[in-house]
Amino acid sequence: MLTEWVIISGKGGTGKTSVTAALAAWCGTSVLTDTDVDGANLELVLQARQATEQRFEGRRKAVIKPSLCRACGKCADECRFDAVHPAAMRPDRGVIMTIDADACEGCGLCKRICPADAIVMKKTVGGTWRESDTPWGRLFHARLEPGGENSGKLVALLRKKAREYAEAHGIPLLLTDGPPGSGCPVIATLTGAHKVLIVTEPTPSGRSDAERVLDLCRHFRRPVWLAVNKYDLHTGMAQQIEEWARARDLPIVGRLPYDPAVPTAIRRGVPVPSLPPSPWSQALARMAMETGLSSKNSK
Amino acid sequence: MNSTNDTTSGETGGFGRPAPWIAVASGKGGTGKTSVAVSLARAALRAGRRVQLVDADVEGPNAHHFLGLGEPETFPVEAMLPRIDPARCTLCGECASFCNYQALAVLGDRVMVFPDMCHGCEGCRVLCPVQAIENGSQEIGRIMHWRGDGFEAWQGRLHVGQVLSPTLIRELHRRARESAPGYDLTIVDSPPGTSCPMMAAVRGANRLVLVTEPTPFGLHDLELAMAAVRRMKLPVEVIVNRSIGDDAAIDDLCRARAVPVIARFPEDRAVAAAYAEGRPMIEGGAEWAKQYDDLRRHLEVQC
């Protein structure tokens, strides 16, 4: 039976990726997925060697053919994404309309209503997705085209590929390093996941964003645990998080200290357990036991 | 609109140059965007400027933790959602075949609407041959608004489970833009990442500050963020946060992209602990206050 653990945080920079990499190193063999597709960093601490790379097609977006546009402005009136604007053109033609590709969401309405048939829907590059080998298992990751739409489709694709790989190779554990926030890519990461670990930090932002993703997990009825990273940064705030977690019936499985070993590991491109033992790696090991993640190789 | 050659693209308005509208963003989360944005707003207020702060990180809005504000006014934000009139609908399927988001489907004797998929383009309503679709709506989030003396703060807050972050950010910007002429400076705290919510938050700015940290994560995501905004043709500048004295990799990237590094803030556990109490960087002591005043001066000069 495959178990997929998803690691999310709401707030960025709380230590999701360091925790995921360390759990992978601690557990021995797992399959790994990085669903933070617009800022994928797990590969940077797992000594990933890319095995395959494939293109991922993006949503088609509207483009105006300047030679056909009569500048009636109908497209601009109907666009709900504020993506169509007049642009100065050659003096003899006056103004024509132009579409801002960064704002266009590809609905295609402008194309349908253009009386001059001047609009086409063009393919866009969505990004690429990759499989890489790491000393701790196969990694499925991606690179969304910078500035592109993070629709959740790329996330769903990665998770599907990772599951298939895990099942085909009889690997019982899938670790997924999720994206920050609480929007599409997070929801796409949580869909169908078995267990969720929220990594937070004892700050007001850490707490309020953890609360948002907790609500999201409960909404999708996912079983969820909490780890507090940089626990000793502020005792009062850590205490508040303890109380909040108790009130929300959220078990705390990890209290990880503020430890320079973490940025050091990132700079060296390795998981924290690959460095000499540190308070952080010891706390992480206890957490791996507590969650049952490393029951098989609990040394 | 058969305009003659006196047409401008509109960005200068009628009164010369637009008021500074600075977006603070980063590829990686947790680099210190919010602390920078709030500190910069404080520095400008201390210098007697009128400042507007827009928290556009709608999936995790946090600037208010550092502002000590009272109760805000709140406004619901709705996105359009098609409502089908079954008495008129002929089940022709035109709406479902048009919808690029798979938000509509003809199932048996009715048209199903999937609210989580809908982007609110209204194309189905416009194109329905029998006018069987009207605009319904769903509340996707809220906008909070605080007004003080020479200071205004806005915040977008996406409802948990909703996905239309860019729609909420557009509405937030629309409101803030209306009040912008009354301010010397507007600062936008953007969501992390390099995809649609970040792009929507940065859009409309006339200057962009990217906050990064000198780790391989910070470097990697800074490079992505620079690539994401390249089409916007915005002046981009970089702040290196949590510097431990060796920022060579960031400096090399910035030099190669001709992007200036305008400030460096040191790694400082005391500042991190102050942040945990809701105090932004500018409260880190006299040295920090001075650095922020320098940064404020720098950003006031039109680039």
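Residues numbered from 1 in each chain as written. Chains lettered and ligands numbered in written order. Predicted model: local features only at pLDDT ≥ 70, side-chain atom pairs only at ≥ 80, totals over all residues.

Chemist: What am I meant to see in the overall build of chain A here?
Modeler: Summing up its helical and strand segments, chain A has 9 helices and 13 strands in all. By principal-axis analysis of the C-alpha atoms, chain A measures approximately 75 × 45 × 35 Å. Residues classed as buried in chain A amount to 53% of the 299 residues present. Summarising the internal contacts of chain A: among those between residues at least 6 apart in sequence, 75% fall at separations of at least 24. (Helix = DSSP H or I, 4+ residues; strand = E, 2+ residues; numbered from the N terminus. Buried ≥ 20, exposed ≤ 12 C-beta atoms within 10 Å, placed from the backbone. Contact = placed C-beta atoms within 7 Å.)

Chemist: How should I be thinking about the pairing of strand β11 (residues 261-266) of chain B in this particular structure?
Modeler: Side-chain direction in a regular strand flips from residue to residue, so the side chains alternate between the two faces of the sheet. Residue and element names in this part refer to chain B. Across 4 bridges, strand β10 (residues 236-243) lies against β11 in parallel orientation. Paired with Ser 243 across the bridge in β11 is Pro 266. Chirality of the crossover, the property in question, places the unit of β10, helix α7 (residues 248-256) and β11 among those that are right-handed. (Pairing = 2+ DSSP bridges. Right-handed = clockwise from strand over helix to strand, strands pointing away.)

Chemist: Looking at this structure, how should I read the sheet that holds strand β10 (residues 173-177) of chain A?
Modeler: Through backbone hydrogen bonds, the strands of a sheet pair up, either in parallel or in antiparallel fashion. Residue and element names in this part refer to chain A. Ordered by their spatial adjacency, 9 strands build an open sheet running β3-β8-β9-β2-β10-β1-β11-β12-β13, and the pairing between neighbours is mixed. Of all strands in the sheet, those with a lone pairing partner are β3 (49-57) and β13 (252-255), marking the two edges. Across the sheet, the mean angle separating the axes of adjacent strands is 20° when strand polarity is ignored. Of the pairings in the sheet, the one linking strand β2 (residues 31-34) to β10 comprises 4 bridges and is parallel in character. The residue of β10 that forms the bridge with Thr 33 is Thr 176. The strands touched by helix α6 (residues 204-219) are β1 (3-8), β11 (195-200) and β12 (224-228); relative to β11, the strand with the most contacts, the crossing angle is about 170°. (Axes fitted to C-alpha atoms, helices over the stretch in contact; angles between N-to-C directions.)

Chemist: When you look at the environment of B:Ala47 in this model, what are you seeing that I'm missing?
Modeler: Residue and element names in this part refer to chain B. Here Ala 47 shows up in the loop between α1 (33-46) and β2 (51-55). With 15 C-beta atoms packed within 10 Å, Ala 47 lands in the partly exposed category. On a C-alpha basis, the gap between Ala 47 and Arg 297 in space is 9.4 Å, while along the polypeptide they are 250 residues apart.

Chemist: Looking at this model, I keep getting lost on the sheet that holds β11(B). Mind explaining?
Modeler: Residue and element names in this part refer to chain B. Judged by pairing direction, the sheet is mixed, and its 9 strands sit side by side in the order β3-β6-β7-β2-β8-β1-β9-β10-β11 without closing on themselves. The strands lining the two open edges of the sheet, one partner per strand, are β3 (73-84) and β11. Adjacent strand axes in the sheet meet at a mean angle of 20° when their direction is disregarded. Bridge count for strand β1 (residues 21-25) against strand β8 (residues 185-189) is 4 bridges, and the pairing is parallel. Bridged to Ala 23 within β8 is Val 188. Across the sheet, helix α4 (residues 165-179) lies against β2, β3, β6 (133-148), β7 (151-158) and β8, angled at about 165° from β7, the strand it touches most.

Chemist: Sorry, what's going on with the domain arrangement of chain A here?
Modeler: Many authors give the size of an interface as the accessible area that is lost as the parts come together. Taken as a whole, chain A is organised into domain 1 (3-58 + 127-290) and domain 2 (61-122). Placing a centre on the C-alpha atoms of domain 1 of chain A and another on those of domain 2 of chain A gives a separation of 41 Å. (Domains from an automatic or database assignment.)

Chemist: I tried to follow the interface of chain B and chain A on my own but got confused; where do I start?
Modeler: Listed by partner, the interface residues are 57 residues for chain B and 58 residues for chain A. If you list the elements that add at least two residues to the side of chain B that touches chain A, you get α3 (123-127), α4, α5 (196-202), α6 (216-228) and α8 (269-276) of chain B. Here the residues of the side of chain B that touches chain A are counted per class, giving 24 nonpolar, 25 polar and 8 charged. (Nonpolar A, V, L, I, M, F, W, Y, C, P; charged D, E, K, R; others polar.)

Chemist: Sorry if this is basic, but what is going on with the nonpolar core here?
Modeler: Across soluble globular proteins, nonpolar side chains have a tendency to be buried as a group. With 144 residues, the main nonpolar core has A:Ile198, B:Ile22, B:Val24 and B:Ile187 as its most contacted residues. With 8 residues, helix α1 (residues 16-27) of chain A is the single largest residue contributor to this core. Dropping the residues within four chain positions of it, B:Ile187 is found in contact with B:Ile22, B:Val24, B:Ala37, B:Leu40, B:Ala41, B:Val51, B:Leu53 and B:Val54. If you look at the next biggest cluster of nonpolar residues, it comprises 20 residues, including A:Ala71, A:Cys104, A:Cys110 and B:Cys121. (Core = buried A, V, L, I, M, F, W, Y, C linked by C-beta atoms within 7 Å.)

Chemist: Just checking my understanding: could you explain helix α9 (residues 286-300) of chain B for this structure?
Modeler: Residue and element names in this part refer to chain B. The end-to-end C-alpha separation of α9 is 21 Å, in line with the 21 Å expected for 15 residues at 1.5 Å each. Within the span of α9, buried status applies to Trp 288, Tyr 292, Leu 295, Arg 296 and Leu 299. The buried side chains of α9 occupy one side of the element, clustering within an arc of 105° when seen end-on. Among the exposed residues of α9, those pointing more than 90 degrees away from its buried face are Ala 286, Glu 287, Lys 290 and Arg 297. (Expected span 1.5 Å × (residues − 1). Arc of directions from axis to C-beta.)

Chemist: Help me out: how do you make sense of the packing of α1(A) against helix α9 (residues 279-290) of chain A in this one?
Modeler: Residue and element names in this part refer to chain A. For the pair α1 and α9, interaxial distance at closest approach is 10 Å and the crossing angle is 70°. In terms of orientation, α1 lies roughly perpendicular with respect to α9. Between α1 and α9 the crossing geometry is right-handed. Contacts between α1 and α9 pair Ala 22, Leu 23, Trp 26 and Cys 27 from the former with Ser 281, Leu 284, Ala 285 and Ala 288 from the latter. Per-class residue counts for the contact of α1 with α9 are 7 nonpolar, 1 polar and no charged. (Parallel < 35°, antiparallel > 145°, perpendicular 65-115°, else oblique. Left-handed = near helix turned anticlockwise from the far one by under 90°.)

Chemist: Is there a simple way to explain the pairing of β3(A) in this structure?
Modeler: All names here are of chain A. Of all the 9 residues making up β3, 0 are buried; the element is thus mostly uncovered. Of the strand pairs in this sheet, β3 and strand β8 (residues 125-134) are connected by 8 bridges, and their pairing is antiparallel. Residue pairing across strands places Gln 54 opposite Trp 129, the latter belonging to β8.

Chemist: Help me understand the domain arrangement of chain B, please; the structure alone is not making it clear to me.
Modeler: Parsing chain B into structural domains produces domain 1 (21-77 + 141-300) and domain 2 (86-131). Look at where the C-alpha atoms of domain 1 of chain B and domain 2 of chain B centre, and you get two points 39 Å apart.

Chemist: Help me out: how do you make sense of the environment of B:Ala228 in this one?
Modeler: Following the sequence through the fold, B:Ala228 ends up in helix α6. By the C-beta count within 10 Å, which is 24 here, B:Ala228 ends up buried. Along the sequence, B:Ala228 and B:Gly193 sit 35 residues apart, while their C-alpha atoms lie 9.6 Å from each other. If near-sequence neighbours (up to four positions away) are discounted, B:Ala228 is found in contact with A:Pro146, A:Gly147, B:Thr194, B:Met198 and B:Met199.

Chemist: Would you mind showing me how to read the packing of α6(B) against α7(B) here?
Modeler: Residue and element names in this part refer to chain B. Axis separation between α6 and α7 bottoms out at 10 Å; the angle between their running directions is 15°. Considering their axes alone, α6 and α7 lie roughly parallel with respect to each other. Classified by chirality, the crossing of α7 by α6 is right-handed. For the pair α6 and α7, contact is made by Leu 219, Leu 222 and Glu 223 and by Ala 249, Ile 250 and Leu 253, respectively.

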